[in-house]
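# Coordinate analysis (summary)
The primary structure of each chain is shown beneath.
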Amino acid sequence: MKIRGFVHVLKALEPRIGELVIVGGWAWYLYRKYLTGSAGLQGEFTLDVDVALPRPLPHGRGLDRLLEDAAFEEDMTGENTPPVTRYAWPSRKVPEAVVDFLTPARGAGTEATLRTGGVVAQQLRMLDVLLEDPLELSINERSETENFVGAVRVPRLGAFLLQKVQTLSSRRGTKRDKDLFYIFDLADEGRGLREMIKTDAEQIRLKLGAPSLKVAASFLRRDCGQATSSAVAKVMEQIPQEQRPSREYIAETFNRLAVILEG
C-alpha cells in the first residue's frame, strides 16, 4: 500500500494540523481504518488531499511556507482572482500528492476564492457542517521514508455523509462516482457505524433544523434508492466482483441512511 504522498502532507502540515480538517477521500480512508479497524485498504485511490480551513483561521506560520519547506511545488489554477493555489509533491508533472484548500463561503458568495493562512482557498457553500465540532482521530501512518503519529481532525461522520449527499447534484464524472461509493460504504450496516451516524444526524438536526436533512433524504431516495438507478450501478462498479453485494442491498443501504437523516 503506497500512501507516501499522504504521509508527506501530514508531516508538512504537522505544526498546524490541529487547526485543519481533512475532508474528501482521505477522510473516508481515515474513517475506515481508524473507526472500523479495516486493514489492507487501498492507499493510492486519490492523489488529492482536501483540507478544510475554518474562518477565521488563527494566525500562525503560513501554510504555504510549511509546504514549500517540505518541497511542495505551488500551482495556481483557475480564472478567479486570486486563483486557487494547489501544492503538488514531489512535482507538478509527476505528483504523489496534491493539496487543495477549501473554506466556507460567506455573504453573497460572489468571491470564489479567499486568501488565508498564506494560501488561496476555494470558497464553497455547505462546507460549514464539516468544520462543526470535528472528530479527532489518533493515527499512525507510515511510508517507506516517513511516519506520522499523532492526532488529525476529520468531519463528524454524519456531517461528512450529509455534505456528500447535499453536493451530489453538482458533482460530475468520477468525483460523483467516488462520493456515491463513500456514502454507501460508510452507511453499510456491516461497518458498524450506524449509531455514530445517527447521533451525529441528531446533533445536526438540532443545530440546522430538520428541513435540510429531509431534503437530503428525499434526494437519496429519488436518485439512489431504487435497485435500477444509475447511482447503484456506479457503486457496484467500484466494488471488486467477489465482494459485490446485490443491487437491492445497495439501494436499501441508501434508503436506511435516508431514514436516519429524516429522524
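A brief report on the enclosed structure follows. Throughout, residues of each chain are indexed from 1 in the direction in which the sequence is written. Reporting of local features is limited, given that this is a predicted model, to residues whose pLDDT is at least 70; pairs of side-chain atoms are given and counted only at 80 or more, and all residues count toward the totals for whole chains, interfaces and linings. Side-chain numbers here rest on the full set of heavy atoms in the structure, without hydrogens or water.

### Quick look at unusual backbone geometry
Residues R55 and P56 are joined by a peptide bond in cis, for which omega reads 0 degrees. Positionally, P56 belongs in the loop between β2 (48-52) and α3 (63-69). The linkage connecting W89 with the following residue, P90, adopts the cis geometry, with an omega of 0 degrees. The phi angle at A71 is positive, at roughly 70 degrees, despite the residue not being glycine. Considering the arrangement of structural elements, one finds A71 in the loop between α3 and β3 (73-77). The backbone of D133 sits at a positive phi, close to 45 degrees, despite the residue not being glycine. By secondary structure assignment, the location of D133 is in the loop between α4 (128-131) and β8 (135-142). Segments assigned H or I by DSSP are reported as helices when at least four residues long, segments assigned E as strands when at least two residues long, and all are numbered from the N terminus.

### Here we look at the packing of helix α6 (residues 173-187) against helix α10 (residues 247-262)
Every angle, taken between N-to-C directions, lies between 0 and 180 degrees, and every axis is a line fitted to C-alpha atoms, over only the stretch in contact when it is a helix. Remark: α6 packs on α10, axes separated minimally by 9 Å, with the N-to-C direction vectors making an angle of 80 degrees. In terms of axis orientation, α6 runs roughly perpendicular to α10. On α10, the residues that touch L180, I183, F184 and A187 of α6 are Y249, I250, T253, F254 and L257. Taken together, the residues of the contact of α6 with α10 sort by class into eight nonpolar, one polar and no charged. We call two directions roughly parallel when the angle between them is under 35 degrees, roughly antiparallel when it is over 145, roughly perpendicular when it lies between 65 and 115, and oblique otherwise. Residues are treated as being in contact if the distance between any of their heavy atoms lies within 4.5 Å. The residue classification treats Ala, Val, Leu, Ile, Met, Phe, Trp, Tyr, Cys and Pro as nonpolar and Asp, Glu, Lys and Arg as charged. All others, Gly included, are polar.

### Some details on the pattern of salt bridges
Only one rule defines a salt bridge in this text: a Lys or Arg side-chain nitrogen within 4 Å of an Asp or Glu carboxyl oxygen. Going through the model one piece at a time under the given rule, you end up with 19 salt bridges. For R61, the salt bridge goes to D69, with nearest N and O atoms at 2.4 Å. Between D223 and R222 there is a salt bridge; the shortest N-O distance is 3.0 Å. Taken together, the shared-partner salt bridges in this structure form one network comprising R32, D185 and R191.

No statement about biological role is implied by the geometric values presented.
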